[in-house]
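Commentary on secondary and tertiary structure
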Amino acid sequence: CIVKNEPDSINRLIAAVDRALANGRTTVLLVDSNLASLHDLAGILREQRISVVEASRGDAALHVIDAGDAIDVVVTDTNLADMAGAVLLKEIHDRQGDEAMPVIGLSDEGDARLAARFIEAGGADFVRKPFLEAEFCGRVRYAAAMQKRMQALRRVAASDYLTGIYNRRHFFLTGPRLVDQCLRRGDGTSIAILDIDHFKRLNDTYGHEIGDIVLKHVARRMKALVGEEHLLARLGGEEFSILFNGLSVREAFAFCERIRLGLAKSKIVADDEELTITVSVGLATIEAPESFDNYLHAADQFLYMAKHAGRNRVMS
Ligand code: GH3
Ligand code: MG
Ligand code: MG
Ligand code: MG
């Protein structure tokens with residue numbers, strides 16, 4: 001059996017994105033208060049097998065965006081019944097920041113400065129009516145492809161290369177926001193650091209490739225238990241962290257015990273070897289706002305105690 005050290009999960013992710021780009025549908029949110037024009041534009045895009053969500057007002061468009069529907073591109077007339085297209089653009093950027101989808105402006109007004117102002121305000125592109133259908137559709141497609149690639153890059157930037165779960169960077173970027181949310185809800189929460197016991201010995205005995213298989217196994221098992229509810233990341237080496245989304249200490253402790261016992265029981269088959277591992281976990285409670293580093297430091301101290309008390313245990 002040959003063990004290959006391939007970052008399978010990332011390659012699978014990239015392949016999935018390429019497939020989505022190749023045959024996935026593009027969805028456009030089309031906003032125009034002139035109903036005849038809305039109808040025509042929707043028809044042009046649908047003829048190109050682009051999915052269209054229609055809105056005749058800015059507030060209706062924002063409603064669609066707030067509902068979290070998957071929209072790749074927004075195409076908006078600059079002169080809507082309830083707001084200027086540039087205002088809709090600003091509202092979208094306020095809501096979504098750097099992750100906002102591209103917004104293409106449309107206008108039948110002669111003033112060339114409209115286009116300049118729209119682009120200046122962060123618009124991705126601008127098309128003046130009347131237009132060539134092929135050019136309009138081409139611009140929409142290009143914007144959608146860029147958006148899909150940006151999303152793919154964001155996912156790759158947030159993923160751990162070896163295991164495919166979130167990486168340290170993502171954990172530190174989004175963790176503080178999750179703590180804020182928990183504390184504002186009046187929930188305390190907890191943070192766990194999990195470290196594989198005697199992992200250096202395992203590497204030394206079986207080799208680094210087998211070590212990598214073990215890391216992937218641990219990540220997969222943890223992900224299966226943690227799901228999307230809590231924030232799980234590989235902090236580095238053989239260390240993982242879970243930021244719980246508002247569990248009581250007792251619940252978080254029970255959760256960590258479940259992970260620890262599950263991992264201790266599972267047999268890891270790698271290169272004709274059958275291995276078992278154990279993990280130690282430090283669990284700290286978060287009850288008041290402090291620096292994110294402090295929470296991790298507290299969890300790390302409990303981890304240190306768990307190691308010194310003999311490993312294969314959760315300490316809080
Ligand atoms: P303890 O029970 O005290 O945690 O002991 P340990 O051996 O697990 O801890 P130590 O920090 O001494 O060793 C961690 C090892 O993890 C050392 C390093 O070679 C290994 N390691 C770090 N990153 C990777 C990786 O990406 N792949 C593999 N295979 N090994 C790694
Ligand atoms: Mg370690
Ligand atoms: Mg160590
Ligand atoms: Mg270790």
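It should be noted that the structure appears before, not after, this text.
This report concerns the structure included in the present document. Computed from a prediction, not measured in an experiment: that's the story for all the values here.

Remark: helix H8 (residues 199-206) packs on helix H9 (residues 208-226), axes separated minimally by 7 Å, with the N-to-C direction vectors making an angle of 135 degrees. Taken as axis vectors, H8 and H9 run oblique relative to one another. In this structure, H8 contributes Phe199, Leu202, Asn203 and Tyr206 to the contact, and H9 contributes His208, Ile210, Gly211 and Val214. In terms of residue class, the contact of H8 with H9 is made up of five nonpolar, three polar and no charged.

A few words now on the site of ligand 1. As a structural note, the neighbourhood of ligand 1 is formed by 17 residues, with Asp197, Phe199, Lys200, Gly211 and Gly237 the closest of them. At the level of secondary structure, the elements contributing two or more residues to the shell around ligand 1 comprise strand E7 (189-196), H8 and H9. Here the residues of the shell around ligand 1 sort into four nonpolar, five polar and eight charged.

Moving on to helix H7 (residues 168-184). In an α-helix there are 3.6 residues to a turn, and that puts residues three or four apart on one side. For H7, spanning 17 residues, the distance from its first C-alpha to its last is 24 Å, which sits close to the expected 24 Å at 1.5 Å a residue. Maximal helix bending in H7 amounts to about 35 degrees, located at threonine 174; proline proline 176 follows within four positions. Immediately downstream of H7, the backbone of glycine 186 shows phi near 90 degrees, a positive value.

This part covers the sheet that holds strand E12 (residues 279-286). Spatial ordering of the open sheet is given by E6-E8-E9-E7-E12-E13, a layout of six strands whose pairing is mixed. Edge positions in the sheet fall to strand E6 (166-167) and strand E13 (314-315), since each of these pairs with one other strand and no more. Pairing analysis gives two bridges linking E12 to E13, with the strands arranged parallel. Its bridge partner being in E13, glycine 282 is matched across the sheet by methionine 315. The strands that helix H10 (residues 249-265) touches are E7, E12 and E13; relative to E12, the one it contacts most, it runs at about 170 degrees.

Overall, parallel pairing links the five strands, which are arranged E2-E1-E3-E4-E5 in an open sheet. Of all strands in the sheet, those bounded by a partner on one side alone are strand E2 (51-55) and strand E5 (125-128). Recorded for the sheet is a direction-independent mean angle of 20 degrees between the axes of neighbouring strands. Where strand E1 (residues 27-31) lies against strand E3 (residues 73-77), four bridges are found, and the strand directions are parallel. Looking across to E3, one finds that leucine 29 is bridged to valine 74. Relative to E5, helix H5 (residues 113-120) is tilted by about 160 degrees, and along the sheet it contacts strand E4 (103-107) and E5.

Calculation notes
- Residues numbered from 1 in each chain as written.
- Chains lettered and ligands numbered in written order.
- Predicted model: local features only at pLDDT ≥ 70, side-chain atom pairs only at ≥ 80, totals over all residues.
- Axes fitted to C-alpha atoms, helices over the stretch in contact; angles between N-to-C directions.
- Helix = DSSP H or I, 4+ residues; strand = E, 2+ residues; numbered from the N terminus.
- Parallel < 35°, antiparallel > 145°, perpendicular 65-115°, else oblique.
- Contact = placed C-beta atoms within 7 Å.
- Nonpolar A, V, L, I, M, F, W, Y, C, P; charged D, E, K, R; others polar.
- Near = placed C-beta within 6 Å.
- Expected span 1.5 Å × (residues − 1).
- Bend = angle between axes of the 7 residues up to and from the residue.
- Pairing = 2+ DSSP bridges.

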